[in-house]
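# Observations on the three-dimensional arrangement
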Amino acid sequence: MFTLEFFTGTEMTDIKKTQHEEWSSRFAFILAATGSAVGLGNIWKFPYITGENGGGAFVLVYVLCVALIGIPIMMAETLLGRRSRQNPVNTMVLLTEEAQADKNWHYLGWMGITAGFLILSYYSVIAGWASAYVLKAFFGSFFSADAIEIKGIFYDFIASPIQLIFWHTLFMVSTMWIVAQGVSNGLEKSVRFLMPGLCLLLILLVAYAMTTSGYFQGLNFLFRPDFSKLTPGSVLTAMGQAFFTLSLGMGSVMVYGSYLPKSVSIAKASIIIASADTIVALLAGIIIFPIVFTHNLHPDSGPGLIFQTLPIAFGSMTGGWLFGILFFVMLVFAALTSSIALIEPAVAWLVEGKGLTRKKACIWSGLATWLLGFGTIFSFNNWSTFKIFDRSIFELLDYLTANLMLPIGGFCIAVFAGWIMKPHHSEEELNLPKPSHHLWKILVCYVAPLAVFLVFLHVIGIL
Ligand code: TRP
């Protein structure tokens, strides 16, 4: 069976077993990779950064980035992993040797490990918010509450470091416990009901959003581009979000690729995963903005946006009590399937590179992530006025990882797969018809790296 056990990175024998079960393997791969891609990035982050960056034009840039930069780089990252069948650090060592390239390429694996660790430190805090909201939903806190009360609930909650620490700790312990088990069968199975369940609930909420008076205003905000609202910074954020939401640029996709049977089409799988991921994000936007406009909330309310809007829906719709609980439970699970992928490169490296037992590797990397998470927790209360480069610790971590490290990682992956690797090696892995391979080559050699480069120049102010 092609299970999430492939995360452990060392069980090469599993790969051989899988090669006969083609359909099931491809399906399992797509499920697992979608599980890593779909998470807080789609449901929490996409709506709030869309709100902060003016809506339609930002969404358009984001979708273009997914299609023109995200998909080709996802194919590149998967093919690097499948070629080496190793963890990201070893992959870069191995492939650099194969291509007789410069040893500095080894750093790419390192940057990925660092990025995953930094992302998880704040990801876990937000996943903690979602966990707390399961309880709030259960105790009927949202029942008949209006927008002002819901806002009050949220601000009271984030003002309390003790509560945030409690939920962050709970989420980190759960993540590390699952990772320490080598990722159990149970989690893989949970992805199978999680994805369809999450989609169903989202569709139900879309139906609710359609009944609100702000529905068309919400759609307008989301889909009618107003290019005057687009700044160089928001273009960078849109591009960063494309990387973040597809889990690209830090070796996670490489690890998945390393367990992929040769028979699976990397191109098809990447297109399916990216499409599913984008659809979930857009659905979240279609739900949230109508609620924002119906209740005179501000689209640019920041990271609390979904926690200030969705509870209004649950508090007023029929069956809202049950749907509210289910929704936040699923959000926590969606976050878990991403968080285990975020920390796995670090754990795999500690085990394979440093000789630690899996348990010890989990404890150390978990402890470090947990501690770093305090920076994010205090950004929302005690240290909210403490700014570095005009950003709170949470904003700085987010900017550093999503807007800088992931695009730079993706850029290097594209350059490596497009320019450094021997052409016949990438052809062999992708196994595409000539015209499609040609298109990929153009995207990965020119379009993607150039786009990332130009956006950076633009942000620095050179262009
Ligand atoms: N894609 C995840 C989300 O949208 C977050 C994420 C970013 C991630 N990079 C990752 C998950 C690497 C796993 C691995 O929520």
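All of these numbers come straight from a predicted model, not from anything done at the bench. (Residues numbered from 1 in each chain as written. Predicted model: local features only at pLDDT ≥ 70, side-chain atom pairs only at ≥ 80, totals over all residues. Heavy atoms only, no water.)

## Regarding the overall build of the chain
Secondary structure summary: the chain contains 19 helices and 0 strands in total. For a compact globule of 463 residues, the expected C-alpha radius of gyration is about 23 Å, and the chain comes in at 21 Å, within 12% of that figure. Along the longest, intermediate and shortest principal axes, the C-alpha atoms of the chain span 65 × 50 × 45 Å. Among the 463 residues that make up the chain, the fraction classed as buried is 61%. (Helix = DSSP H or I, 4+ residues; strand = E, 2+ residues; numbered from the N terminus. Rg over C-alpha atoms; globule rule 2.2 N^0.38 Å. Buried < 20%, exposed > 50% of the residue type's maximum accessible area, 1.4 Å probe, protein only.)

## Focus on the environment of L356
By the secondary structure assignment, L356 is in the loop between α15 (320-354) and α16 (358-379). With 125 residues separating them along the chain, L356 and T231 place their C-alpha atoms 46 Å apart. For L356, the residues in contact, after removing those within four places along its chain, are L350, V351, A361 and W364. (Contact = heavy atoms within 4.5 Å.)

## What about the pattern of salt bridges?
Enumeration according to the criterion identifies 8 salt bridges in this entry. Of the charged contacts in the structure, one is a salt bridge between R83 and E98, with a shortest N-O distance of 3.1 Å. Of this pair, R83 sits in helix α4 (residues 56-84) while E98 sits in helix α5 (residues 88-98), and the two are 15 residues apart along the sequence. Across the salt bridge formed by K262 and E429, the nearest N and O atoms sit 2.7 Å from each other. (Salt bridge = Lys/Arg side-chain N within 4 Å of Asp/Glu carboxyl O.)

## Points about the confidence of the model for the chain
The pLDDT averaged across the chain works out to 89; a share of 92% of its residues lies at or above 70. Below pLDDT 50 for its whole length, residues 1-23 participates in 54 contacts with residues either more than four positions away or in separate chains. (pLDDT = per-residue confidence, 0-100.)

## Description of the site of the ligand
Lining the immediate environment of the ligand, one finds 15 residues, of which A37, G41, Y123, F244 and S252 sit closest. One of the backbone nitrogen or oxygen atoms of F244 is found 2.8 Å away from a nitrogen atom of the ligand. One of the side-chain nitrogen or oxygen atoms of S247 is found 3.0 Å away from a nitrogen atom of the ligand. Protein contacts shield 100% of the accessible area of the ligand, which totals 360 Å² for the unbound molecule. The set of elements that each furnish at least two residues to the shell around the ligand consists of α2 (22-37), α3 (40-52), α11 (232-245) and α15. (Near = heavy atom within 4 Å. Polar contact = N/O pair within 3.5 Å; in protein donor to acceptor, adjacent residues only side chain to side chain. Areas by Shrake-Rupley, 256 points an atom, 1.4 Å probe, with all protein chains shown as cover.)

## Remarks on the side chain of S84
Within the element layout of this structure, S84 appears in helix α4. Judged by relative accessible area, which is 7%, S84 ranks as buried.

## Some points on the state of the cysteines
Enumeration according to the criterion identifies 0 disulfides in this entry. Its sulfur unpaired, C65 is 17 Å from the next cysteine sulfur, which belongs to C412. Judged by relative accessible area, which is 8%, C65 ranks as buried. As a non-bridged cysteine, C412 has C445 as the owner of its nearest cysteine sulfur, 14 Å distant. (Disulfide = S-S within 2.5 Å.)

## Some points on the environment of V63
Note on placement: V63 falls in helix α4. Since its relative accessible area comes to 33%, V63 is described here as partly exposed.

## What to know about the packing of aromatic side chains
The geometry of an aromatic ring pair comes down to the distance between the two centres and the angle between the two planes. In this structure the tally under the stated criterion is 32 aromatic pairs. On the numbers, 5.2 Å between centres and 55 degrees between planes, the contact of W44 with Y48 is tilted. On the criterion of helical spacing, the pair formed by W44 and Y48 is a turn pair, its members being 4 residues apart in helix α3. You'll find W44 and Y48 in the same group, each marked buried. Between the NZ or CZ atom of K45 and the centre of the ring of F244, over which it lies, the distance is 4.2 Å. For R391, the ring lying beneath its charged end belongs to Y399, and the centroid distance is 3.9 Å. (Phe/Tyr/Trp six-rings, centres within 6.5 Å; stacked < 30°, edge-to-face > 60°. Lys NZ or Arg CZ within 6 Å of the ring centre and 35° of its normal.)

## A short note on helix α14 (residues 305-316)
With 12 residues, α14 extends 18 Å from end C-alpha to end C-alpha; this agrees with the ideal 16 Å at 1.5 Å per step. Buried residues dominate α14, accounting for 11 of its 12 residues. (Expected span 1.5 Å × (residues − 1).)

## A short note on the environment of T385
Turning to its location among the elements, T385 is positioned in the loop between α16 and α17 (393-420). Relative accessible area serves as the criterion here: at 72%, T385 is assigned to the exposed category. Between the C-alpha atoms of T385 and I460, which are 75 residues apart in sequence, the distance is 26 Å.

## A word on the packing of α4 against helix α13 (residues 266-294)
It is at 9 Å that the axes of α4 and α13 come closest, and there the two elements cross at 145 degrees. Crossing geometry of α4 relative to α13 is assigned as right-handed. Of the residues in α13, those touching α4 at V59, Y62, V63, V66, I71, M74, M75, T78, L79 and R82 are I266, A267, S270, I271, I273, A274, D277, T278, A281 and L282. By residue class, the composition of the contact of α4 with α13 is 15 nonpolar, 3 polar and 2 charged. (Axes fitted to C-alpha atoms, helices over the stretch in contact; angles between N-to-C directions. Left-handed = near helix turned anticlockwise from the far one by under 90°. Nonpolar A, V, L, I, M, F, W, Y, C, P; charged D, E, K, R; others polar.)

## Some thoughts on a negative patch on the surface
Residues E52, D300, D390 and E395 make up a contiguous surface patch of negative charge. Tracing the sequence through the fold places E52 in helix α3. (Patch = residues over 30% accessible without salt bridge, like charges linked within 9 Å, V, L, I, M, F, W, Y side chains within 5 Å. Lys, Arg positive; Asp, Glu negative; His and termini not counted. Charge placed at Lys NZ, Arg CZ, Asp CG, Glu CD.)

## Considerations on a nonpolar patch on the surface
Judged by side-chain polarity, L60, L64, L68, F227, W419, I442, Y446 and V447 come together as a nonpolar surface patch covering roughly 760 Å² of accessible area. Contributions of two or more residues to the nonpolar patch are made by α4 and α19 (434-460). Along the chain, the position of Y446 falls in helix α19.

## Let's talk about the side chain of K45
For K45, the position within the fold is in helix α3. Residue K45 is classed as buried on the basis of its relative accessible area, which comes to 2%.

## Some thoughts on unusual backbone geometry
Phi is positive for D390, which is not a glycine, with a value near 70 degrees. Examined against the element boundaries, D390 turns out to sit in the loop between α16 and α17. Under the relative-accessibility criterion, D390 is labelled exposed at 68%. Even without glycine at this site, N431 takes up a positive phi of about 50 degrees. Relative to the elements of secondary structure, N431 occurs in the loop between α18 (423-430) and α19.

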